[in-house]
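Structure assessment
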Amino acid sequence: MSPVPVAPTGLTRRAKSFVELEGIRVPQPDIEDHRGAWIEQGVPAAEIDRAVAFEARWGGLALPPAPFYESGPRVLGADLPEGSTAEGWWIPAGDCRVSMAYGFMIGPGGEFGIHGYRWAPLHASTEGWVESLALVSHARRWAKTITRITGEAVDSLDLEGYEPVPEVQGVADTWWRGKDSLIALYRGEAVAMDAPGGLEAHIYGGLDEWGLRGG
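Residues numbered from 1 in each chain as written. Predicted model: local features only at pLDDT ≥ 70, side-chain atom pairs only at ≥ 80, totals over all residues. Heavy atoms only, no water.

With respect to the overall build of the protein
Selection criterion: In DSSP terms, a helix is any run of H or I states spanning at least four residues, a strand is any run of E spanning at least two, and both are numbered starting from the N terminus. Values of the radius of gyration come from C-alpha atoms, whereas the globule rule sets the reference at 2.2 Å times the count of residues to the power 0.38. Buried means the residue's accessible area, taken with a 1.4 Å probe over protein chains only, is under 20% of the maximum for its type, while exposed means over 50%, and partly exposed covers the values in between. Note on contacts: a residue pair is in contact if any heavy atoms of the two residues lie within 4.5 Å. Here the open area of atoms and residues is found with the Shrake-Rupley method and a 1.4 Å probe, where only the protein chains shown may cover a residue. Working convention for charge: Lys and Arg count positive, Asp and Glu count negative, and His plus the chain ends are omitted. For this purpose, a charge sits on NZ of Lys, CZ of Arg, CG of Asp or CD of Glu.
Secondary structure assignment for the protein yields six helices and twelve strands. Taken against the 2.2 N^0.38 rule, which gives 17 Å for 215 residues, the C-alpha radius of gyration of the protein at 18 Å falls within 12% of a compact globule. For the protein, the spread of C-alpha atoms along the principal axes amounts to about 55 × 40 × 25 Å. Evaluated residue by residue, the protein yields a buried proportion of 50% over its 215 residues. Of the contacts made within the protein by residues no fewer than 6 positions apart, 56% connect residues no fewer than 24 positions apart. Here the protein has roughly 10,300 Å² of accessible surface; of this, 53% comes from carbon and sulfur atoms. Across the protein, the mean location of the 18 positive side-chain charges is 8 Å away from that of the 30 negative side-chain charges.

Okay, structure coming up:
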């Protein structure tokens, strides 16, 4: 396997460049080898198929650290699905970079999120997570100022005049574009850990049109 990744289809030009210029691919074990054992453990074949599809698209992709969530998964890759037919099934999305009280998971509807005391979908798909990382990388490069806000102050942010950034497919986490700034709102830890103090926002200011969009 070449360590230089080819970006999955469907990403923006910005995210495609981010994956191919800043990511690497590392070998992963073939999860098909576990199919028989997983079925014996009660995992439905359809959920194994979903894990295999995730692995085929994202498996082995290592991306630069995220600015939040303890830097995100070390390497994207599926593992044994967890859950039940009644509650739904979640697929591990890759080992955490450091030890933490939650794990990165793919939800029953394909959402990318974290599972702690409860499930918190961050983005509607893994593509949204990757788009968010690409936007962070781009905004950091072009912003004149970067401001970090935490806790209750996050709920006081005035988003009038801002529009959502659709490609990040935000659920708990959203991005907002204004006339000269981008705002990333991270709410997943507050939801998953039932900890309102876990709210965080990053404001990237002083951006021109290229800085605001970049692809």
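Still more to cover.
Brief notes about the sheet that holds strand β11 (residues 181-186)
For clarity, the cut-off: Two strands are said to pair when DSSP picks up at least two bridges between them.
Within the open sheet, the five strands sit side by side as β8-β12-β11-β10-β9. Their pairing is antiparallel. With partners counted over all chains shown, the strands left at the sheet margins are β8 (145-150) and β9 (163-164), one partner each. Across six bridges, the pairing between β11 and strand β12 (residues 200-205) is antiparallel. Opposite Tyr186, over in β12, you have Glu200 as the bridge partner.

Here we look at the sheet that holds strand β4 (residues 88-94)
Where we set the bar: An axis is simply a line fitted to the C-alpha atoms; with a helix, the fit covers only the stretch in contact. Between two such axes, the angle follows the N-to-C directions and lies from 0 to 180 degrees.
In space, the five strands of this open sheet follow the order β3-β4-β5-β6-β7, with antiparallel pairing throughout. Either end of the sheet is taken by a strand with one partner, and the two such strands are β3 (82-84) and β7 (119-123). Between one strand and the next, the sheet's axes are offset by a mean angle of 35 degrees, whatever the strand orientation. In this sheet, strand β5 (residues 103-106) lies alongside β4 in antiparallel orientation, the contact comprising three bridges. In the strand pairing of β5, Gly94 is matched with Phe104. Helix α3 (residues 45-58) rests against β4 and β5 of the sheet, and its axis sits at about 25 degrees to β4. Across the face of the sheet, helix α4 (residues 126-142) comes into contact with β5, β6 (112-115) and β7 while running at roughly 60 degrees to β7.

Things to note about the pattern of salt bridges
Inclusion rule: Salt bridges are defined by distance alone: a side-chain nitrogen of Lys or Arg within 4 Å of a carboxyl oxygen of Asp or Glu.
Summed over the entire model, instances satisfying the criterion amount to 15 salt bridges. Between Glu32 and Arg35 there is a salt bridge, with the nearest N and O atoms lying 2.8 Å from each other. Linking Asp49 and Arg35 is a salt bridge whose minimum nitrogen-to-oxygen distance equals 2.9 Å. Here the residue Asp49 occupies a position in helix α3, and Arg35 occupies one in helix α2 (residues 35-40), the gap between them amounting to 14 residues. Residue class for Asp49 comes out partly exposed when judged on its relative accessible area of 41%.

Remarks on the side chain of Thr126
In this structure, Thr126 sits in helix α4. The residues contacting Thr126, other than those within four sequence positions of it, are Phe54, Trp58, Leu76, Ile106, Gly110 and Phe112.

What to know about the nonpolar core
The condition that has to hold: Buried residues of nine kinds, namely Ala, Val, Leu, Ile, Met, Phe, Trp, Tyr and Cys, make up a nonpolar core once their side-chain atoms join them within 4.5 Å.
Counting 50 residues, the largest nonpolar core has Tyr69, Phe104, Trp129, Trp175 and Leu182 as its most contacted members. Put simply, the parts of the chain that give this core at least two residues each are α1 (13-22), α3, β4, β5, β6, β7, α4 and β11. The greatest single-element share of this core, amounting to seven residues, is contributed by α4. By size, the runner-up hydrophobic cluster in this structure holds eight residues, among which are Ile149, Leu185, Ala190 and Ile203.

With respect to the side chain of His202
The cut-off we apply is this: Whenever two N or O atoms come within 3.5 Å, that pair is a polar contact, provided that in protein one can donate a hydrogen and the other can accept it, and provided that, for residues adjacent in sequence, both atoms are side-chain atoms.
Inspection of the secondary structure assignment puts His202 in strand β12. Only 2.6 Å separates the side chain of His202 from the side chain of Glu200, close enough to count as a polar contact. Setting aside residues no more than four positions away along its own chain, His202 makes contact with Pro67, Thr147, Arg148, Leu182, Ile183, Ala184 and Tyr186.

Shape is all these values report; function is a separate question.
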